[in-house]
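A look at the structure
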Amino acid sequence: MEAVSTVRCRRVLLILSCFFAVVSRSAPPKGKAKPLYDEKDDVISLRDDDFDFTVLATTNAWLIEFYNSWCGHCVRYAPLYKRLATNVKVWRPFMKVAAVDCSQEYNRELCQFYDIKVFPTLKFFPAFASKRTNGTNCLGSDNIMHLRKFMVEYISNSSLSNIEGRRSDLLQPVENFDEIWQPSKHGYRPTVVIFEQEQSTLGRQVILDMFGQTALVVRRMLARSASRYGVSKIPSMYLVNIEDGSLKFLADGDNVTNYVAILKNPISSSMSDQGSPPQEPSESPGSLKSPGGISNSVLEIIVGEETGPGKPAEINQKSEILKRLKEVDLLGENYLKVHEQDLESSLHYSLRQEVAMSKTISGEKLLALKNYIDILAKFLPVQKPISLFLNKVNNWLQSERGPITGDEWMEAINRLQTSTAIFPEADTWTGCSGSDSKYRGYPCSLWTTFHTLTIAAYDRISEKFDEEDFDGVRVKEVLLAVRGYVKYFFGCRECSENFLKRSVHIEELVHSPRSGVLFLWKAHNRANHFLSGDLTEDPLHPKVQFPASVQCPACHRPNVAGGSESVFDEKEVLLFLQKMYTRRSLVPDSPRLSPDASEKNFDGADASFQQVHKRDDGHEFQGFDQSEKLISRNSEIVRTRLKAFSLSGMGPIDIGMCVIFYVFCLGIVIIVYLRFVKLRSIRLCGNICRLPV
């Protein structure tokens, strides 16, 4: 009986452990973007902890995409990359297609080692690669056929791909038919030869697409050898008679899809006919109608392009956006409030991931980092322990004269933290959360950070000066630092290039604090216009011109030039932005960081902060005046209450789930305990009943 009870107990514990394992694995951390590829795709997902084992010293080469799941260009590129992986899946003995998500912190060191600067980055890795191999950059393309050509050229270059032996020989051109038949004269199979120019990849692509099938032998021959067999059309494909070397025309042109479709049809009787002389096509050049009854119907799509009747119809973007706007609360807190949690999460990802991913930081890149950290320390409205930490990082960084590495940067980030100077590991989005983890998130919070910085700089100036008498150098300083960060550290290549195009004239266009704030606002609205209806747009958070009329009616006025569209009143827009992004409107929803310690060291931290905020004439800015300190202290009551629901970054839902699991486990323990007590009582009663009277 005891053995049975033990077995049952073990089964219960095993079921519980499996249950909690499934729950923990199926629920991704809140705020983290999901990787763009999963096990359902033919793209092999790689991580830092399995990269060496999976990629290095293998017998095949690799094409690996280093991407960022927040990057809009990467999101748009993912469907094409998936189709490519499916399209060349049969090539795996030669080359496999894989991807690494550099937005995940566990892949940071891997992406840093390979010096990934922009996303997406495609790299080739050879067979039998060593740890020291840095890979070969592959030119990106939005065309699958171009990518196939790049892959074929790399595979064919044995000095790069390191693919040798029989697999490499299959891709080499033959000089005569004897080279094809000599190794397998005893095992006859129908043989197909593709005649092409030396630089053409047509024949090699067809050979790779047909790799693994046993019905045909497919080889390639260069144009210089074609004349001896009476072939004049280049490129073209012929069936070879093994008995007498005669040829039967199959196709011409340079369409790989059609060549493979012909070869993948069942071998018709005409393929086994022997003794026919070479035939030229009866149709005009480029026709793929083949003689001898060989059908040229496409049985399998090779390229994977979305064409024909299956292609989605165009939609009216404007009406679609208006329809979605009716379902969106544009007056909600996620639209009209800046959340402290978003600023801290943006700061965390920016410094711990994007900056730390750099292999070396030197020259203009180091100067850009210094400028960006300087404006963060001066203007970012965060909790005082974080502000003190930013000042310590800024002081250290400004003293650095030579290059620093990403590892040295991370070492400093960790070393400079103390009990009162804290850098939280926040990666949860509140106001910037999307309807799915692939939407909004970090890019949204980074824009929020940029706007908050310009408004903070504007407020410091306008409180002390009449802005008409001030040249706006502080706001311009923020914009130039933002431009430097985007240029050298923001990973999305397309986003960075577009932003830099629009910010190239900052020096000429920004001549006052007001114009600086509005410059960034216009740049953001241009980005929204460009991305409206894009694949990266959150369906529940459409890209509209901000602020919308329902958010700020005063910001819109009739267009005097005519037309139904209103125009922005920039004076009202400035007031709206100032109200939204000011420190006083910040939602304090992030976990409190050692409030007692920071309060005890308040004078020192505030003095250190104010030292960085002195004007050139020695006067302090009014960013932390007495009224703001009073607001900050009064809001501490609310923050303390919120702390109960923010333990270790957990919200009420997380805590509720923990309570439910705790009660569930407690119930199981009680049931198991009562079961044991009952069994023991029965056994004791039985023993008593058996005692002699």
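Residues numbered from 1 in each chain as written. Predicted model: local features only at pLDDT ≥ 70, side-chain atom pairs only at ≥ 80, totals over all residues. Heavy atoms only, no water.

Concerning the nonpolar core
Applicable threshold: Within this scheme, the nonpolar core is defined by two criteria: the residues are buried Ala, Val, Leu, Ile, Met, Phe, Trp, Tyr or Cys, and they are joined through side-chain atoms within 4.5 Å. The buried label goes to any residue with under 20% of its type's maximum accessible area, the exposed label to any with over 50%, and the partly exposed label to all in between, with areas taken from a 1.4 Å probe on protein chains only. Only DSSP runs of H or I with at least four residues qualify as helices, and only runs of E with at least two residues qualify as strands; both kinds are numbered from the N terminus onward. We call two residues contacting when some pair of their heavy atoms lies within 4.5 Å.
Counting residues in hydrophobic clusters, the biggest one holds 150 residues, and the most contacted among them are I64, Y81, V206, L390 and W409. At 11 residues, helix 18 (residues 442-462) tops the list of elements feeding residues into this core. Every residue in contact with W409, bar those within four places of it in the chain, is listed here: L351, V355, A356, L369, I373, V393, W396, L397 and I404. Judged by nonpolar contacts, the second largest core, of 16 residues, contains F177, Y229, Y238 and L247.

Some points on the state of the cysteines
To be explicit about the condition: Disulfides are defined as pairs of cysteine sulfur atoms found within 2.5 Å of each other.
Applying the stated criterion to the full structure yields four disulfides. Note on cysteine connectivity: C492 is disulfide-linked to C495, with sulfurs 2.4 Å apart. Across the S-S bond of C492 and C495 the torsion is about 60 degrees, and the bridge reads as right-handed. For C495, a relative accessible area of 29% gives the class partly exposed. There is no disulfide at C74, and the cysteine sulfur nearest it, in C71, is 3.2 Å away. C74 sits in the buried class, given a relative accessible area of 0%.

Topic: a nonpolar patch on the surface
Counted only if it meets this: Residues forming no salt bridge and having over 30% relative accessible area are the ones grouped into patches, like charges within 9 Å of each other and nonpolar side chains (Val, Leu, Ile, Met, Phe, Trp, Tyr) within 5 Å. Using the Shrake-Rupley algorithm and a 1.4 Å probe, accessible areas are obtained, with residue cover drawn only from the displayed protein chains. We count a salt bridge whenever a side-chain nitrogen from Lys or Arg sits within 4 Å of a carboxyl oxygen from Asp or Glu.
Taken together, V659, Y662, V663, L666, I670 and L674 make up a surface patch of nonpolar side chains, about 590 Å² in accessible area. Looking at where L674 falls in the secondary structure, it is placed in helix 27 (residues 652-689).

Concerning the pairing of strand 6 (residues 191-196)
The line we're drawing: The rule for pairing is simple: two strands pair if DSSP sees at least two bridges between them. Think of it like this: strands point away, you trace from the first strand over the helix to the second, and a clockwise trace means the crossover is right-handed.
The element strand 6 is extensively covered by neighbouring structure, given that six of its six residues are classed as buried. A two-sided burial pattern is seen for strand 6, the buried positions comprising T191, V193 and F195 on one face and V192, I194 and E196 on the other. Here strand 6 pairs with strand 7 (residues 217-222) via six bridges, running parallel. Bridging across to strand 7, V192 finds its partner in V218. Handedness of the crossover joining strand 6 and strand 7 through helix 9 (residues 202-209) is recorded here as right-handed. The pairing of strand 6 with strand 8 (residues 236-240) spans five bridges and is classified as antiparallel. By the bridge assignment for strand 8, I194 is matched with M237.

Points about the pattern of salt bridges
Taken as a whole and judged by the stated rule, the model has 17 salt bridges. Note that R220 is salt-bridged to E196, the shortest N-O span being 2.6 Å. With R220 in strand 7 and E196 in strand 6, the pair connects residues that are 24 residues apart, well separated along the chain. Judged by relative accessible area, R220 falls into the buried class, the value being 3%. Overall, the relative accessible area of 0% leaves E196 in the buried class. Among the charged side chains, a salt-bridge network with shared partners connects D374, K378, R474 and E477.

Section: the packing of helix 3 (residues 72-87) against helix 5 (residues 144-156)
A packed helix pair is summarised by two numbers, namely the angle formed by the two axes and the spacing between the axes. The cut-off we apply is this: Under this scheme, a helix contributes an axis fitted over its contacting stretch, all axes are lines through C-alpha atoms, and angles between N-to-C directions fall in the 0 to 180 degree range. Convention used here: angles under 35 degrees read as roughly parallel, angles over 145 as roughly antiparallel, angles from 65 to 115 as roughly perpendicular, and any remaining angle as oblique. Should the near helix be turned anticlockwise from the far one by less than a right angle, the crossing is left-handed, and should it be turned clockwise, the crossing is right-handed. Any residue outside Ala, Val, Leu, Ile, Met, Phe, Trp, Tyr, Cys, Pro, Asp, Glu, Lys and Arg is labelled polar, Gly included; the first ten of those are nonpolar and the last four are charged.
One can describe the packing of helix 3 onto helix 5 by two numbers: an axis separation of 10 Å at closest approach and a directional angle of 55 degrees. The orientation of helix 3 relative to helix 5 falls into the category oblique. By crossing handedness, the relation of helix 3 to helix 5 is classed as right-handed. Contact with helix 3, carried on its side by Y77, L80, R83, L84 and N87, involves I144, L147, R148 and M151 of helix 5 and no other residues of that element. Partitioned by chemical class, the residues of the contact of helix 3 with helix 5 number six nonpolar, one polar and two charged.

Regarding the confidence of the model for the protein chain
Quick reminder of the rule: Here pLDDT means the predictor's own confidence in every residue, given as a number from 0 to 100.
Summary statistics for the protein chain give a mean pLDDT of 76 and a share of 70% for residues scoring 70 or more. Note that residues 465-469 has pLDDT below 50 and, in this model, six contacts with residues that lie over four places away or in other chains.

Considering the sheet that holds strand 1 (residues 44-46)
The five strands are arranged 1-3-2-4-5 in an open sheet whose pairing can be described as mixed. Edge positions in the open sheet fall to strand 1 and strand 5 (136-138), since each of these has one partner strand only. Mean inter-strand twist for the sheet, computed between neighbouring axes without regard to direction, equals 35 degrees. Where strand 1 and strand 3 (residues 95-101) come together, three bridges link them in parallel fashion. Within strand 3, the position partnered with S45 by the bridge is A99. Most of the contacts of helix 3 go to strand 2 (residues 61-67), to which it runs at about 160 degrees, and overall it touches strand 2, strand 3 and strand 4 (121-125).

Points about unusual backbone geometry
Put simply, I234 and P235 share a cis peptide bond, and its omega is -5 degrees. Along the chain, the position of P235 falls in the loop between strand 7 and strand 8. Put simply, F546 and P547 share a cis peptide bond, and its omega is -5 degrees. Along the polypeptide, P547 turns up in the loop between helix 22 (513-531) and strand 12 (556-557).

Looking at the sheet that holds strand 6
A sheet is described by the order of its strands in space; here four strands give the open sequence 7-6-8-9, paired in mixed fashion. Sheet topology places strand 7 and strand 9 (247-252) at the edges, where each strand pairs with a single neighbour. On average, adjacent strands in this sheet sit at an angle of 25 degrees to one another, irrespective of strand direction. Docked against the sheet, helix 10 (residues 256-264) engages strand 6, strand 7, strand 8 and strand 9, running at close to 135 degrees with respect to strand 9.

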